[in-house]
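# Remarks on the overall topology
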Amino acid sequence: MQDPLEIEEVQENFHMGLICAQQVFAHFAERIGLPEETALRIASPFGSGMGQGEVCGCVTGSLMVLGMLHGSGGPCSRPQKDAFNARRNAFLQAFAKAHGGLRCSDLLGHDITTPEGMAAVRRENLFMTTCAPLVCAACALLEEHL
């Protein structure tokens, strides 16, 4: 089991330019057998819902961890695939239930793909007050589904 992420650490990482997906995926880097730098590079395109306000980077980072620990590395049987999909779906359902959705706009209450939406997110400091706690929550929830 990983040590829990502290909100202050996540906020500092945001200030240094690390995005949500990177923080979740890198938190598990040692456990999944990747150097932290590699994990950060892999997850770098997934923040802010892949830059499109779609599925939250905390979720995509978590799914990458699930894939690394339980995903198929090649052909697999239907029962293996079904078991993995059930694990994935359980995580997604639990995250959505706990946080009101999976998409950045659902979580932030603004469409970050518009200048007005991004301005509101910045003005309301939502990356620090919403996204940083979501990184911590995603990591904790992921522990329950590994």
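This text gives an overview of the structure that appears in the document.

About the thresholds
- Throughout, a residue's number is its position along its own chain's written sequence, starting from 1.
- Two thresholds apply to this predicted model, a pLDDT of at least 70 for residue-level local features and 80 or more for giving and counting side-chain atom pairs, whereas whole-chain, interface and lining totals are computed over all residues.
- Water and hydrogen atoms play no part in the side-chain values, which are based on all heavy atoms of the structure.
- Comment: elements are numbered from the N terminus, with helices defined as DSSP H or I runs of at least four residues and strands as E runs of at least two.
- Taken over C-alpha atoms, the radius of gyration is set against a globule rule of 2.2 Å times the number of residues to the power 0.38.
- Whether a residue is buried, partly exposed or exposed follows from its accessible area with a 1.4 Å probe, protein chains only, as a fraction of its type maximum: under 20%, in between, or over 50%, in that order.
- Note on definitions: a residue-residue contact is assigned when non-hydrogen atoms from the two residues lie within 4.5 Å.
- Here the accessible surface of atoms and residues is derived via Shrake-Rupley with a 1.4 Å probe, and residues count as covered only by protein chains that are part of the display.
- In this charge count, Lys and Arg are treated as positive and Asp and Glu as negative; neither His nor the chain ends contribute.
- To locate a charge, take NZ of a lysine, CZ of an arginine, CG of an aspartate or CD of a glutamate.
- By the criterion applied in these results, polar contacts are pairs of N or O atoms within 3.5 Å in which, for protein atoms, one can donate a hydrogen and the other can accept it, and in which residues neighboring in sequence qualify only through two side-chain atoms.
- Side-chain rings of Phe, Tyr and Trp (the six-membered ring for Trp) are treated as a pair once their centres are within 6.5 Å; stacked means planes under 30 degrees apart, edge-to-face means over 60, and tilted covers the remaining angles.
- The convention used is that axes are lines fitted to C-alpha atoms, helices contributing only their stretch in contact, and that angles between N-to-C directions extend from 0 to 180 degrees.
- Handedness of a crossing follows from how the near helix is turned relative to the far one, being left-handed for an anticlockwise turn of less than a right angle and right-handed for a clockwise one.
- Each residue is assigned to one class: nonpolar for Ala, Val, Leu, Ile, Met, Phe, Trp, Tyr, Cys and Pro, charged for Asp, Glu, Lys and Arg, and polar for all the others, Gly among them.
- The method works on a 1 Å grid over the protein atoms by themselves. A cavity is a set of points holding a 1.4 Å probe that cannot get out, a pocket is an open set with protein on both sides within 12 Å along at least five of seven lines, and residues with an atom within 4 Å of a point line them.
- Grid points are joined across faces, edges and corners, and a volume is the space filled by probe spheres set on the points.

### As for the overall build of the protein
- Helix and strand content of the protein: 10 helices and 0 strands.
- The order of α-helices and β-strands along the protein, N terminus first, is α-α-α-α-α-α-α-α-α-α.
- Taken over C-alpha atoms, the radius of gyration comes to 15 Å for the protein, in line with the 15 Å a tight globule of 146 residues would show.
- In terms of its C-alpha atoms, the protein occupies a principal-axis envelope of roughly 50 × 25 × 25 Å.
- The proportion of buried residues among the 146 residues of the protein is 40%.
- Excluding contacts between residues fewer than 6 apart, the proportion of contacts in the protein whose partners are at least 24 apart in sequence is 64%.
- Approximately 7800 Å² of the protein is accessible, and the part contributed by carbon and sulfur atoms is 53%.
- Both charge centroids of the protein, one from 10 positive and one from 16 negative side chains, sit 11 Å from each other.

### Concerning the side chain of Glu 143
- Among the secondary structure elements, Glu 143 is positioned in helix α10 (residues 126–145).
- For Glu 143, a relative accessible area of 15% corresponds to the buried category.
- At a separation of 2.8 Å, a polar atom in the side chain of Glu 143 contacts the side chain of Arg 31.

### Quick notes on the packing of aromatic side chains
- By the definition in use, this model includes 1 aromatic pair.
- Ring plane angle 35° and centroid distance 6.2 Å describe the contact between Phe 91 and Phe 95, whose orientation is recorded as tilted. With Phe 91 and Phe 95 both in helix α7 (residues 78–99) and 4 residues apart, the pair spans about one turn of that helix. Each member of the pair, Phe 91 as well as Phe 95, is classed as buried.

### Some details on the packing of helix α2 (residues 20–27) against helix α4 (residues 36–43)
- Put simply, α2 and α4 touch, their axes get as near as 8 Å, and they point 145° apart. The chirality of how α2 crosses α4 is right-handed. Residue-level contacts link Ala 21, Gln 22, Phe 25 and Ala 26 of α2 to Glu 36, Ala 39, Leu 40, Ile 42 and Ala 43 of α4.
- Taken together, the residues that form the contact of α2 with α4 break down as 7 nonpolar, 1 polar and 1 charged.

### Some words on the layout of surface pockets
- Within this model, the largest pocket holds a volume of roughly 160 Å³.
- As for the largest pocket, its lining consists of 13 residues, of which Phe 14, Cys 20, Gly 47, Ser 48 and Phe 127 are closest to the centre.
- Elements represented by at least two residues in the lining of the largest pocket include exactly α5 (47–53), α8 (104–108) and α10.
- Per-class residue counts for the lining of the largest pocket are 11 nonpolar, 2 polar and no charged.

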